[in-house]
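Observations on the model geometry
Okay, here's what each chain looks like letter by letter:
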Amino acid sequence: MTQTEFLKIVMPFKDKVFRLAKRLLISTEEAEDATQEILLKLWNNKKKIAEYKNVEAFSMTMTKNFCFDKLKSKQAQNLKIVHSNYEEKGTPLQKQVELNDSVNWVAKIIEELPEQQRMIIQLRDIEEYDYDEIAKMLNMNNTAVRVNLSRARKAIREKLTNTHNYGIK
């Protein structure tokens, strides 16, 4: 496999790998490192890539496992938490502040979810994978994925509604 062929396979989903790593590791720098490691592992095993039905799903599973290993290791104590602010050009300042607050609240709420629900929300609502792909990546059945997604969305909706209505956490 040449470098060009490899890039044609990997480039369409490398941003998804980064976003999943960022969601799990929080730090942008750590997510970039994780993405680079995953791409390097794929490059080193480029001869085996043709054996996989879905290289994207395989790389997402690799990313998930790599990030969990990183968080379990001693390096996790040194992770620097960096949050990026949500910005949208062309909106009034008040609306922009409200949107930013809502995005931050949703991010906080997602971080409080159980690990499995957090992963499913990330893969389904942010990365837009279908239920079958998520079920394969997380070694679950379709029904369990749907139930966990429903519970996660309900928890986010309830906490966000409470926050907007009452101003409580």
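Residues numbered from 1 in each chain as written. Predicted model: local features only at pLDDT ≥ 70, side-chain atom pairs only at ≥ 80, totals over all residues. Heavy atoms only, no water.

It is the contact of helix α2 (residues 14–25) with helix α3 (residues 28–44), at a shortest axis distance of 8 Å, that shows an interaxial angle of 135°. Classed by the angle they form, the pair α2 and α3 counts as oblique. Between α2 and α3 lies a crossing of right-handed hand. Here Lys14, Val17, Phe18, Ala21, Lys22 and Leu25 of α2 come into contact with α3, specifically with Thr28, Glu30, Ala31, Glu32, Ala34, Thr35, Ile38 and Leu39. Looking at side-chain class alone, the contact of α2 with α3 contains eight nonpolar, two polar and four charged residues. (Axes fitted to C-alpha atoms, helices over the stretch in contact; angles between N-to-C directions. Helix = DSSP H or I, 4+ residues; strand = E, 2+ residues; numbered from the N terminus. Parallel < 35°, antiparallel > 145°, perpendicular 65-115°, else oblique. Left-handed = near helix turned anticlockwise from the far one by under 90°. Contact = heavy atoms within 4.5 Å. Nonpolar A, V, L, I, M, F, W, Y, C, P; charged D, E, K, R; others polar.)

On the surface, Glu29, Glu32, Asp33 and Glu37 cluster together into a negatively charged patch. With respect to the helices and strands, glutamate 29 occurs in helix α3. A residue is classified by how much of its surface remains accessible, and glutamate 29, at 38% relative accessible area, is partly exposed. (Patch = residues over 30% accessible without salt bridge, like charges linked within 9 Å, V, L, I, M, F, W, Y side chains within 5 Å. Areas by Shrake-Rupley, 256 points an atom, 1.4 Å probe, with all protein chains shown as cover. Salt bridge = Lys/Arg side-chain N within 4 Å of Asp/Glu carboxyl O. Lys, Arg positive; Asp, Glu negative; His and termini not counted. Charge placed at Lys NZ, Arg CZ, Asp CG, Glu CD. Buried < 20%, exposed > 50% of the residue type's maximum accessible area, 1.4 Å probe, protein only.)

Counting through the fold element by element, methionine 60 comes out in helix α4 (residues 55–72). Overall, methionine 60 belongs to the buried group, its relative accessible area being 1%. Linking methionine 60 and leucine 138, residues 78 residues apart in sequence, is a C-alpha distance of 9.9 Å. Those residues in contact with methionine 60 that sit more than four places away from it in its chain are Lys16, Val17, Leu20, Leu123, Glu127, Tyr129 and Met137.

What follows covers the confidence of the model for the chain. In the predicted model, the chain carries a mean pLDDT of 84, and the fraction of residues at 70 or more is 88%. Within the chain, the lowest mean pLDDT, 83, falls on helix α5 (residues 93–112), and the highest, 92, falls on α3. (pLDDT = per-residue confidence, 0-100.)

It is worth spelling out the environment of valine 147 at this point. Take valine 147: it is sitting in helix α8 (residues 142–166). The partly exposed category is assigned to valine 147, whose relative accessible area is 34%. Taking the C-alpha atoms as reference, valine 147 lies 9.4 Å from glutamine 117; in sequence the two are 30 residues apart.

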